Amino acid sequence: MSTKTKTKVKPLADRILVRRLEETETSRGGIIIPDTAKEKPQQGQVIAVGPGKLNDEGNRVAPEVSVGDKILMSKYAGTEVKIEGEDFIIMREDDVLGVIAK
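Residues numbered from 1 in each chain as written. Predicted model: local features only at pLDDT ≥ 70, side-chain atom pairs only at ≥ 80, totals over all residues. Heavy atoms only, no water.

Caption draft 1: Representation of the pattern of salt bridges within the structure. Evaluation of the coordinates by the stated rule reveals 6 salt bridges. Across the pair Glu84 and Lys8 runs a salt bridge whose closest N-O atoms are separated by 3.5 Å. Of this pair, Glu84 sits in the loop between strand E6 (79-83) and strand E7 (86-92) while Lys8 sits in the segment before strand E1 (15-20); the two residues are 76 residues apart in sequence, bridging distant segments of the chain. Like Glu84, the residue Lys8 is exposed in the burial classification. For the salt bridge of Glu80 with Arg20, the shortest nitrogen-to-oxygen distance reads 3.7 Å. (Salt bridge = Lys/Arg side-chain N within 4 Å of Asp/Glu carboxyl O. Helix = DSSP H or I, 4+ residues; strand = E, 2+ residues; numbered from the N terminus. Buried < 20%, exposed > 50% of the residue type's maximum accessible area, 1.4 Å probe, protein only.)

What follows is the structure, encoded as C-alpha cells:
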C-alpha cells in the first residue's frame with residue numbers, strides 16, 4: 001500500500017495509526033535471518049493522525065507528526081491491530097522517539 005492509503009480508522013486525540021516498515025531479511029554478513037528470530041521493526045510509517053490532545057486549559061494541541069512521516073518507535077509501543085487483513089499499530093504520539101528526515 002502507498003502512503004495515500006485510505007483507512008476506515010480515524011485515531012482519536014493524540015493517537016496515530018502506524019504501519020511497521022519491514023527490515024531486510026539478510027544481515028550485513030549475508031546470513032538470512034528466519035522470521036522467528038527477527039525482532040519487531042522499530043521504524044514505521046504514519047498512516048493516520050488524530051486531531052491532537054487537549055491541554056489543561058482545554059485547547060487542542062496539534063500533533064507534530066503527519067501522514068506519510070517515517071518514525072522511530074520503541075519495540076513495544078502501542079497496541080497491535082489488524083484492519084482489513086493488514087497489521088497496524090495504534091499508539092500515542094508521545095511514544096514516537098523521532099521522525100526520520102526525508
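Caption draft 2: Highlighting unusual backbone geometry. We note that Ala13 has phi near 50°; this positive angle belongs to a residue other than glycine. Mapped onto the secondary structure, Ala13 falls in the segment before E1. Residue Ala13 is classed as partly exposed on the basis of its relative accessible area, which comes to 28%. One non-glycine residue with positive phi stands out, namely Glu84, at about 50°.

Caption draft 3: The side chain of Arg20, seen in detail. With respect to the helices, strands and loops of the structure, Arg20 is situated in strand E1. Accessibility expressed as a relative area gives 13% for Arg20, which makes it buried. Within the structure, the side chain of Arg20 is placed 3.4 Å from the backbone oxygen of Lys75, a separation counted as a polar contact. (Polar contact = N/O pair within 3.5 Å; in protein donor to acceptor, adjacent residues only side chain to side chain.)

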